[in-house]
Structures are given as structure tokens and as C-alpha cells.
Amino acid sequence: MSCTEKYTIWFTVEVRHAYYGEGKIPLSIRLTEKMQGLFRKYNLMMRRWKQNEWIILSPETFQGIEETACLTLLITPSDPVFYYVSDPTLQTEDKEITYRSSTLPGIWKEVEIPQGNLPERITLTVPAKTNYWEILLFPSAEGNSYPLGVREKQNRVAFREMEKIQWLDGSTIFRICSQEKIPVQAVYTYQLRLIENREGKERVLSETLPVPRPEQLSVTGEKETITSYFNL
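Bear in mind that the values here come from a model prediction, so they are computed numbers and not experimental data.

1. Observations regarding the sheet that holds strand β1 (residues 7-17)
Stage number 1. What the four strands build is an open sheet, ordered β3-β4-β1-β8; its pairing is mixed. The two strands at the open ends of the sheet, each matched to only one other strand, are β3 (45-50) and β8 (121-126). When strand polarity is set aside, the average angle formed by the axes of neighbouring strands in this sheet is 25°.
Stage number 2. In terms of strand pairing, β1 meets β8 through six bridges, oriented parallel. Residue pairing in the sheet places His17 in a bridge with Val126 of β8.

2. Let's talk about the environment of Pro105
Stage number 1. Inspection of the secondary structure assignment puts Pro105 in the loop between β6 (98-101) and β7 (109-114).
Stage number 2. With 29 residues separating them along the chain, Pro105 and Thr76 place their C-alpha atoms 9.3 Å apart.

3. Some thoughts on the sheet that holds strand β5 (residues 70-77)
Stage number 1. Spatially, β2-β5-β7-β6 is the arrangement adopted by the four strands of the open sheet, whose pairing is antiparallel. The sheet terminates laterally at β2 (27-31) and β6, the two strands that pair on one side only. Along the sheet, successive strands turn relative to each other by an average axial angle of 25°, direction set aside.
Stage number 2. Against the sheet, helix α1 (residues 33-41) touches β2 and β5, its axis set at about 70° to β2.

4. Some remarks on unusual backbone geometry
As a rule of thumb, non-glycine residues mostly have phi less than zero, and peptide bonds are mostly trans rather than cis.
Stage number 1. Phi is positive for Asn155, close to 60°, though the residue is something other than glycine.
Stage number 2. Relative to the helices and strands, Asn155 resides in the loop between β10 (148-152) and β11 (163-166).
Stage number 3. A relative accessible area of 66% places Asn155 in the exposed class.
Stage number 4. One non-glycine residue, Glu224, lies in the positive phi region at around 55°.
Stage number 5. Here Glu224 lies in the loop between β15 (201-209) and β16 (225-231).
Stage number 6. Looking at Glu224, the relative accessible area reads 45%, which means it is partly exposed.

5. Points about the pattern of salt bridges
Stage number 1. One pass over the structure, following the stated rule, counts 15 salt bridges.
Stage number 2. In this structure, the salt-bridge partner of Arg175 is Glu134, at a minimum N-O distance of 2.5 Å. Of this pair, Arg175 sits in strand β12 (residues 172-177) while Glu134 sits in strand β9 (residues 130-138), placing them 41 residues apart in sequence.
Stage number 3. What makes Arg175 buried here is its relative accessible area of 6%.
Stage number 4. Glu196 is paired through a salt bridge with Arg203; the nearest N and O atoms lie 3.0 Å apart.
Stage number 5. Residue Glu196 is classed as buried on the basis of its relative accessible area, which comes to 5%.
Stage number 6. Each of Glu14, Arg16, Glu53 and Arg121 takes part in one network of salt bridges that share partners.

The rules behind the values
Residues numbered from 1 in each chain as written. Predicted model: local features only at pLDDT ≥ 70, side-chain atom pairs only at ≥ 80, totals over all residues. Heavy atoms only, no water. Pairing = 2+ DSSP bridges. Helix = DSSP H or I, 4+ residues; strand = E, 2+ residues; numbered from the N terminus. Axes fitted to C-alpha atoms, helices over the stretch in contact; angles between N-to-C directions. Contact = heavy atoms within 4.5 Å. Buried < 20%, exposed > 50% of the residue type's maximum accessible area, 1.4 Å probe, protein only. Salt bridge = Lys/Arg side-chain N within 4 Å of Asp/Glu carboxyl O.

As C-alpha cells, then:
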């Protein structure tokens, strides 16, 4: 590479993530070994430009890579929480861009970008993972005589009726689950209430039921479910 060689931006890759919003996404974009060799051959460079953007720079005389029709980029998370909050799909407006889950250690996705009609900007969007919410209630020594329920203060989340299940130590506890899956968020505005249904009238027992966290996977065997715990 000549020190006087001029470079231009070939294209830009931006990653968006519904969970992290405008914050920095804990990942990096890397090249396969094959792509690293081709980048050296053609004097190409890839740099992290902004918080969640990478630019690929090329010499002004660059006419494209002859040895391959596609560029392969590796999406590499740097925080295990990424896997708990990320939907396995990857969205892009360009239908010719494809991806697959990687078998390489530490690599989340391998993205294939065709060189033909390459846009100046490529946006890869990761949706937030969705899960059912499971609230596990542990009875006090005195027990609970009346049915319990969970209500979201603004009725944005609906819950099923309480059921009794056997806990790991053989004791009986109460379980209440959401009716639908809910996208994980970095900060929740939901306020969960624990209510007691006594002879047709609801009485609030707690205004501060904990919201399940993305990494708190259900231990009851339920799929796509995260859990919070509360002692009565």
C-alpha cells in the first residue's frame, strides 16, 4: 500500500438492535481468513467508524474482488447477554444479502454480501428476543387461602390463572404465566401487581412484583420462558 494512495468508502455496514436501542451493541464485525487475505491483496481496510457502524475502505483504483462473488462478514458478540436478548433472525432490506448461524466458536452469524449492485449502506437489524413471563410465588408458612393473580398496572400484559406446581424440593408453589410472549427490553416500564381474589373482590398484595430478566431462564422446563421469583 502506497503512503500516497487515496481511499474512499466502498460501503458501510450498520447494525441495529431493538434491545440496545441507541446504545453500543456488544459485538464486532470480523473477516474470515479467506477475506482477510483478499483484503490484503486488494489493499482494502475495514474500520469501526461509529458506535455501531463499520466502513470498508478501498483504493480509488479498486474495481472489485475477482476471486469471489460474495463478501463474508462474521458477527462476533462480546457479551453473553447478547444471546439472551437477540432473536435468531437477522433482518435486512436487501434480499440478496443472506446469513447463517455459524459453527465457529464465538461467532453468532456469517453474513454473505454479494458484490454486484452493492449499496453504499447496508443495515442489519437484530430484533429483540420474545419470551413468555413466568412468575413463581413461594407461599409463607401460614399458607394462602385465596386465589392469586398478576395484573399489569396499565393492562399491557395479560396473565393466565394461577396454577399449583411442585418445586424442586417437593414443596408446592404457585405459578402464573403471561398469555403471550413479550420482547425483552433494557429498561421496562411495566408495573406488575400481585392481587388476591377474595370472594370476588381483588385486593392488591404487592405493587412491586419483579419483572423477569432475560438471563433468568425457566427451571420448570417451559420453552421460551423467563422467570422471576417472589416470596409471599
